[in-house]
Amino acid sequence: MIPTDSALRFRFGLTPLEEVEPWGAERALHWFGLTAGWYCVDIDGHELLRYSERTVRELGDDREGGRPHPYVDHYVVRLWEDVIALVSGAMEPVPHDLVEVASDLSPAWTWLDTPEAEAALAWHGEGYLYTGHLRVAPDIRVWRAVDGDEDTVTVGWEQRADPEGVIEFAGPRQGRVTMPTSEFLAAVAELDRALLTAMEERIGELEKSGRVPGLRPDVEQLRREHRDRATWLRRARDREPGTDWNAVRIGVRALLAAGAPPPAP
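What counts, and at which threshold
- Residues numbered from 1 in each chain as written.
- Predicted model: local features only at pLDDT ≥ 70, side-chain atom pairs only at ≥ 80, totals over all residues.
- Heavy atoms only, no water.
- Helix = DSSP H or I, 4+ residues; strand = E, 2+ residues; numbered from the N terminus.
- Buried < 20%, exposed > 50% of the residue type's maximum accessible area, 1.4 Å probe, protein only.
- Contact = heavy atoms within 4.5 Å.
- Areas by Shrake-Rupley, 256 points an atom, 1.4 Å probe, with all protein chains shown as cover.
- Pairing = 2+ DSSP bridges.
- Axes fitted to C-alpha atoms, helices over the stretch in contact; angles between N-to-C directions.
- Phe/Tyr/Trp six-rings, centres within 6.5 Å; stacked < 30°, edge-to-face > 60°.
- Arc of directions from axis to C-beta.
- Core = buried A, V, L, I, M, F, W, Y, C linked by side-chain atoms within 4.5 Å.
- Expected span 1.5 Å × (residues − 1).
- Salt bridge = Lys/Arg side-chain N within 4 Å of Asp/Glu carboxyl O.

Caption draft 1: Fine view of the overall build of the chain. In terms of regular secondary structure, the chain is built from eight helices and eight strands. Taken across its 265 residues, the chain has 48% of its residues classed as buried. Partitioning the intrachain contacts of the chain with sequence separation of at least 6 by distance along the chain shows that 70% fall at a separation of at least 24. For the chain, the accessible area works out to roughly 13,900 Å², and carbon and sulfur atoms hold 50% of it.

In structure tokens, the structure reads:
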């Protein structure tokens, strides 16, 4: 369980089962699709994925059922998958000399085609919580640092402006929160436990009564996928990234040099 004073929580709700839309011409109910719902990232008293009241009003007619809703309306499994990817790719402690680069959400560098640049870009990219499936979303980046007995994870974010002026979020435009690594991992474990429990119940409902008129879900396939997904977090924790920090350092220096403005005449 997450401590009651935890700085981080991943919160979600699932769409009522009878309102879940099946996928494709075969009108199938997949594990992924059954996670339709909403989600939010609560951090240090802020709700990072909560829309402003004006955006909620403007989106009201476009959202499912026309019901105004303040949070990201999407498949919850996307948040779950992308958070687990952070455990897999961003929990290797960053060397002290690279912490400043790790904390930069928008480094001033230019793409280069060298192995070292690719190593640096891959390392830096793995620290972002993927939000590309959303129309507009804040950039959220995670990095871990160990200094003596202090083992911490920092979450930084920046809100990007919507070019069309429709999407805006209620929270601060940018921020940074540092917490013990154990607290970050506890929040991830709680998201994992909560979603898997909710999906176990959902599959059980389908097995007993169907709940969705005119559909015959493949419950055995749903259970097979459920069992597999129950191993994802453990596998992410067991992964050893083995980052080549020397290559990353060389790549970072080259990328920053390539992106630097020319000297003044």
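That covers the picture; the talk isn't over yet.
Caption draft 2: Structural context of the sheet that holds strand β5 (residues 128-129). If you trace the four strands from one edge of the open sheet to the other, you get β5-β6-β7-β8, paired in antiparallel fashion. The strands lining the two open edges of the sheet, one partner per strand, are β5 and β8 (174-180). Inspection of the sheet shows strand β7 (residues 150-158) paired to β8 by seven bridges, in the antiparallel sense. When the bridges of β8 are listed, Gly 156 appears paired with Arg 176. Contacts between helix α5 (residues 181-209) and the sheet are confined to β6 (139-147), β7 and β8, with β8 contributing the most and set at about 100° to the helix.

Caption draft 3: Looking closely at the packing of aromatic side chains. Applying the stated criterion across every chain yields a total of six aromatic pairs. On the numbers, 5.8 Å between centres and 80° between planes, the contact of Trp 123 with Trp 245 is edge-to-face. Of this pair, Trp 123 sits in helix α4 (residues 115-125) while Trp 245 sits in helix α8 (residues 245-259), and the two are 122 residues apart along the sequence. You can call Trp 123 buried: its relative accessible area is 9%.

Caption draft 4: How the structure looks around helix α6 (residues 219-229). Among the residues of α6, Val 219, Leu 222, Arg 223, His 226 and Arg 229 are the ones counted as buried. The buried residues of α6 occupy one face: seen down the axis, they fall within an arc of 125°. The inward-facing, buried residues of α6 contact α2 (76-89), α5 and α7 (232-238).

Caption draft 5: Structural detail: the nonpolar core. Core analysis: the largest hydrophobic core is formed by 56 residues, its most contacted members being Phe 10 and Phe 184. If you tally residues by element for this core, the top one is α5, at ten residues. Once residues lying within four places of it in the same chain are set aside, the contact partners of Phe 10 are Cys 40, Val 41, Leu 79, Val 83, Ala 187, Val 188 and Leu 191. Counting residues in each nonpolar core, the second largest holds 13 residues, with Leu 98, Val 101, Trp 245 and Val 248 among its members.

Caption draft 6: Just α2, in detail. The end-to-end C-alpha distance of α2, which contains 14 residues, comes to 20 Å, matching closely the 20 Å that a straight helix rising 1.5 Å per residue would cover. Along α2, 13 of the 14 residues are buried, which leaves the element largely enclosed by surrounding structure.

Caption draft 7: A look at the environment of Gln 221. Along the chain, Gln 221 turns up in helix α6. Gln 221 sits 191 residues away from His 30 along the chain, and the two C-alpha atoms are 8.6 Å apart.

Caption draft 8: Structural detail: the pattern of salt bridges. Scanning the entire structure with this criterion turns up 19 salt bridges. Where Arg 135 meets Glu 164, a salt bridge forms, and the shortest distance between an N and an O atom there is 3.1 Å. Remark: Glu 164 occurs in the loop between β7 and β8 and Arg 135 occurs in the loop between β5 and β6; sequence separation between them is 29 residues. Glu 164 carries the same exposure label as Arg 135, and that label is exposed. Connected through shared salt-bridge partners, Arg 78, Glu 81, Asp 82, Glu 225 and Arg 229 make up one network.

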